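Examination of the molecular architecture
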Amino acid sequence: MTMSPLIGKDRGRVLADLRKKWMEKGPVVALLEGFSGCGKSVLAAELSEGSKIPTARVDAFADDDDLQGLFLDLAIALEAIGIDGLSKEMGKGSQANFAGVLREIMRHNRVLVIIDEAQHTFVPGSARPGAKLAGVIKQLGDSTATGKLLLISNRIAERAVWSENCIIRRLH
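Described in the following lines is the structure provided in the data block. (Residues numbered from 1 in each chain as written. Predicted model: local features only at pLDDT ≥ 70, side-chain atom pairs only at ≥ 80, totals over all residues. Heavy atoms only, no water.)

**Let's talk about the layout of surface pockets**
Looking at the largest pocket, its volume works out to about 260 Å³. Per-class residue counts for the lining of the largest pocket are seven nonpolar, five polar and five charged. (1 Å grid on protein atoms, 1.4 Å probe; cavity = no way out; pocket = protein on both sides within 12 Å on 5 of 7 lines; lining within 4 Å. Points joined across faces, edges and corners; volume = space filled by probe spheres on them. Nonpolar A, V, L, I, M, F, W, Y, C, P; charged D, E, K, R; others polar.)

Structure (structure tokens):
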């Protein structure tokens, strides 16, 4: 896949960095940020193809404050690659513990989960994830999982407690 040298000019370095520093021995969570159209999604696809591990990719969407839609889409994507723990949790309604189940899935499965358009889960008018997503990121970041979670955002996210155990790369 060839990209224009004008778009994502540092993409080769960022891709190599994610492959070597993050996929092999880095923390569970990574955030890839950069302006719209700079090639973040294409870079994530290349990362997935080069990793040779099962990948579940979903898009976040607006007006999903409790992340129910995101977790439903993620359950379907994970089930498509043979991982069904999250879909079983869907039937528990208000008793569901999606963050805990996702943490267990990531701990026991070598899987790459990509959440594109993650800025839709941010607090409206801000550059920080909503409380529910921040909690999920924090839980995963503090774990010893073998799976990886890549968040893609067109906003430069505020650094805070949620991002302490994340690798953050910016694509220009």
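**Let's talk about the nonpolar core**
Of all hydrophobic cores here, the largest spans 39 residues; its most connected members are Leu78, Leu86 and Met106. Counting only elements with at least two residues in this core, the list comes to strand S1 (29-33), strand S2 (55-59), helix H3 (68-80), helix H5 (98-108), strand S3 (112-116), helix H6 (131-141), strand S4 (148-153) and strand S5 (166-170). Contact partners of Met106, with chain neighbours within four places excluded, come to Val28, Val111, Val113, Leu140, Ala145, Thr146, Gly147, Lys148 and Leu149. Formed by 18 residues, the second largest nonpolar core is a distinct cluster that contains Leu15, Ala30, Ile53 and Ile152. (Core = buried A, V, L, I, M, F, W, Y, C linked by side-chain atoms within 4.5 Å. Buried < 20%, exposed > 50% of the residue type's maximum accessible area, 1.4 Å probe, protein only. Helix = DSSP H or I, 4+ residues; strand = E, 2+ residues; numbered from the N terminus. Contact = heavy atoms within 4.5 Å.)

**A word on the packing of H3 against H5**
Between H3 and H5, whose axes approach to 12 Å, the crossing angle comes to 30 degrees. The angle between H3 and H5 places the two elements in the roughly parallel class. You can see that H3 and H5 cross each other, and the crossing is left-handed. Between H3, through Gln68, Phe71, Leu74 and Leu78, and H5, the contact on the second element is made entirely by Phe98, Ala99, Leu102 and Ile105. A class-by-class count of the residues in the contact of H3 with H5 yields seven nonpolar, one polar and no charged. (Axes fitted to C-alpha atoms, helices over the stretch in contact; angles between N-to-C directions. Parallel < 35°, antiparallel > 145°, perpendicular 65-115°, else oblique. Left-handed = near helix turned anticlockwise from the far one by under 90°.)

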